[in-house]
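Given next are the chains, with one letter for each unit.
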Amino acid sequence: MALSKIEIRKKNIIDTATRVFSQRGFQEATITEIAKEAKVSEASIYEYFSTKEGLLFSIPAESSQTLFDLMAFHLKLIRGAANKLRAIVFLFMDSYQNSPDFAAVLMLFLKHNKKFLDTKGHHAIKEGIKQITQVIEEGIAANEFRNDLNPYLVRSMILGTIEHLVTNWVMTGTPETLTDFVDPLIDNIILGIEASPCHQRTNTP
């Protein structure tokens, strides 16, 4: 579906703000700079976003929703909880790799901002990561993963590691390719959460 002129203008402002915040930092960047690079007036920006912080908080909503919609689509096509977790981590890493400015804004300026918790963007992220919990619960129910696992803690381990790796990548530029971390990360996670072969045989119909 084609975007309206208003939606195109708003997207241009958000994309430009993402790039400027990433390059200059949130505190140092100004609405004047963003307006100049987006080739719009400052008044146009304030028409859609009441404050600079409001503009910052608007950045994750669309990108996060697109990622989680893509994730939901792929998970329907994959069998096995371990394979699904591998796909989830790949999609996260690939998304950040392809959108380094967004990754920088999310990891450096949004993740630790308490006000962000009450925004549409954070709600989209919160809803989206429930897919990870569901996959872990699916693995437990299928005896693929240990039945004494806490799905929330396993999810936190996965997301925490991703955030650490991406933050380091954003700040140092290493490694060159984020997706190189996918297999080592998931191999180690699965090693710790998979059910023993004996348990799998005992509980498999």
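Procedures and definitions
- Residues numbered from 1 in each chain as written.
- Predicted model: local features only at pLDDT ≥ 70, side-chain atom pairs only at ≥ 80, totals over all residues.
- Heavy atoms only, no water.
- Phe/Tyr/Trp six-rings, centres within 6.5 Å; stacked < 30°, edge-to-face > 60°.
- Helix = DSSP H or I, 4+ residues; strand = E, 2+ residues; numbered from the N terminus.
- Buried < 20%, exposed > 50% of the residue type's maximum accessible area, 1.4 Å probe, protein only.
- Lys NZ or Arg CZ within 6 Å of the ring centre and 35° of its normal.
- Axes fitted to C-alpha atoms, helices over the stretch in contact; angles between N-to-C directions.
- Parallel < 35°, antiparallel > 145°, perpendicular 65-115°, else oblique.
- Left-handed = near helix turned anticlockwise from the far one by under 90°.
- Contact = heavy atoms within 4.5 Å.
- Nonpolar A, V, L, I, M, F, W, Y, C, P; charged D, E, K, R; others polar.

A. Molecular detail of the packing of aromatic side chains. Going through the model one piece at a time under the given rule, you end up with five aromatic pairs. With a centroid separation of 6.0 Å and an interplanar angle of 40°, the aromatic rings of Phe-57 and Phe-116 are classed as tilted. Highlighted residues: Phe-57 in helix H4 (residues 52-75) and Phe-116 in the loop between helix H6 (100-110) and helix H7 (120-128), separated in sequence by 59 residues. Summarising the burial analysis for this pair, Phe-57 and Phe-116 share the class buried. An aromatic cluster of three or more residues is present, and its members are Phe-68, Phe-92 and Tyr-96. One residue, Lys-52, lies across the ring of Phe-26, its end atom 4.6 Å from the ring centre.

B. Spotlight on the packing of H4 against helix H5 (residues 81-98). Packing of H4 against H5 brings their axes to within 10 Å, and their N-to-C directions diverge by 150°. As summarised for this structure, H4 and H5 are arranged roughly antiparallel, according to the angle between their axes. Handedness of the crossing formed by H4 with H5: right-handed. Taken together, the residues of H5 that come into contact with H4 (itself represented by Leu-67, Phe-68, Leu-70, Met-71, His-74 and Leu-75) are Lys-84, Ile-88, Leu-91, Phe-92 and Ser-95. Its residues assigned to classes, the contact of H4 with H5 comprises eight nonpolar, two polar and one charged.

C. Inspection of the environment of Asn-98 at higher detail. Tracing the chain through its elements places Asn-98 in helix H5. What makes Asn-98 exposed here is its relative accessible area of 55%.

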